[in-house]
Amino acid sequence: MQLAQPQRVFFALWPDAEAAARLHALAQEQHQRMNGRVSREDSLHCTLVFIGNIDAGRLPDLQAAAAGIQLSGFRLTFDQAGCWRHNQIAYLGMRQIPEALQHLQSLLVKRLKSAGFNTEQREYRPHLTLLRKAECTGATKENPAPEPVGWAVRDFVLVRSSLSVNGSRYEQIGQWPLL
C-alpha cells in the first residue's frame, strides 16, 4: 500500500483584494528601507493555526474540524510595523488583538487537538509577513504602521503550502464562512 504524499497545511485569514493591494504597496515601501524579498500580493495572509506536514489522507479530518465552527465575522486592523531579527521578517501586527480573532483561533486549536492534530504551543501573535530576508537593523522595535490596513473577515481558509527555490506557493483547499 502506497502512502499519500505529505501535505504542508495551515489555516489562515485572507485579505480582500483591496486590502491585499494596500498591503503589497506597503511591503514595497518597506523594501526601499529594508531590502529583502517582498511577499507576493496573492500570498499575503494572517495565519490562524499552522499544522505543518500531514498525510493527505488526514485532510478530511482537518476540514471536519473547521466545518463545525460557527462564529460571527469581524474586522481586523493591522496597525503596528515591526521586524524580527532572528528570522529577518518585516511584518505588520496589531496593537490590540480583537476578541473575536482570539476566540476563532483558540476554538480552532481546540477542535484540531480533539481531532488528533499537533499545533504550535507558542503564544498566538497574528501578523502579516511583508518581507523575508529583511535587513532589520534599526527597525527591530514595533512602531505604528505607516498606514493601518484592515478588512472585514467573512471567512477562514485551509491552505496548502508548496516550498520551492522561489519561495512558498499557497493554494486554498478549503473555505468556511463566518456568520
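Just above sits the structure.
Basis of the calculations
- Residues numbered from 1 in each chain as written.
- Predicted model: local features only at pLDDT ≥ 70, side-chain atom pairs only at ≥ 80, totals over all residues.
- Heavy atoms only, no water.
- Helix = DSSP H or I, 4+ residues; strand = E, 2+ residues; numbered from the N terminus.
- Rg over C-alpha atoms; globule rule 2.2 N^0.38 Å.
- Buried < 20%, exposed > 50% of the residue type's maximum accessible area, 1.4 Å probe, protein only.
- Areas by Shrake-Rupley, 256 points an atom, 1.4 Å probe, with all protein chains shown as cover.
- Lys, Arg positive; Asp, Glu negative; His and termini not counted.
- Charge placed at Lys NZ, Arg CZ, Asp CG, Glu CD.
- Core = buried A, V, L, I, M, F, W, Y, C linked by side-chain atoms within 4.5 Å.
- 1 Å grid on protein atoms, 1.4 Å probe; cavity = no way out; pocket = protein on both sides within 12 Å on 5 of 7 lines; lining within 4 Å.
- Points joined across faces, edges and corners; volume = space filled by probe spheres on them.
- Pairing = 2+ DSSP bridges.

Caption draft 1: Layout of the overall build of the protein chain. Counting its regular elements, the protein chain contains 3 helices and 9 strands. In summary, the protein chain has a C-alpha radius of gyration of 16 Å against a globular reference of 16 Å for 179 residues, a match within 12%. On the principal axes, the C-alpha backbone points of the protein chain span a range of 50 × 40 × 30 Å. Counting all 179 residues of the protein chain, 45% fall into the buried class. Approximately 10000 Å² of the protein chain is accessible, and the part contributed by carbon and sulfur atoms is 46%. Taken as two groups, the 20 positive and 16 negative side-chain charges of the protein chain have centres that lie 5 Å from each other.

Caption draft 2: Quick peek at the nonpolar core. Counting residues in each nonpolar core, the largest one holds 48 residues, and the members touching the most others are Phe11, Leu13, Leu48, Leu62 and Phe156. If you look at the next biggest cluster of nonpolar residues, it comprises 5 residues, including Ala12, Trp14, Val157 and Val159.

Caption draft 3: Structural context of the layout of surface pockets. Here the largest pocket defines a volume of roughly 1200 Å³. Considering the residues around the largest pocket, the lining is formed by 39 residues, among which Thr47, Arg122, His127, Thr129 and Arg132 are closest to the centre. Of all elements in the fold, only strand 1 (6-13), strand 2 (37-38), strand 3 (46-55), helix 3 (99-114), strand 6 (128-132), strand 8 (155-164) and strand 9 (167-177) reach the threshold of two or more residues within the lining of the largest pocket.

Caption draft 4: Fine view of the pairing of strand 8. Pairing of strand 1 with strand 8 involves 5 bridges; the strand directions are antiparallel. Directly across from Phe11, in strand 8, lies its bridge partner Leu158. As defined by bridge partners, strand 8 adjoins strand 9 across 10 bridges and the pair is classed as antiparallel. Note on strand 9: the bridge partner recorded for Leu158 is Gly174.

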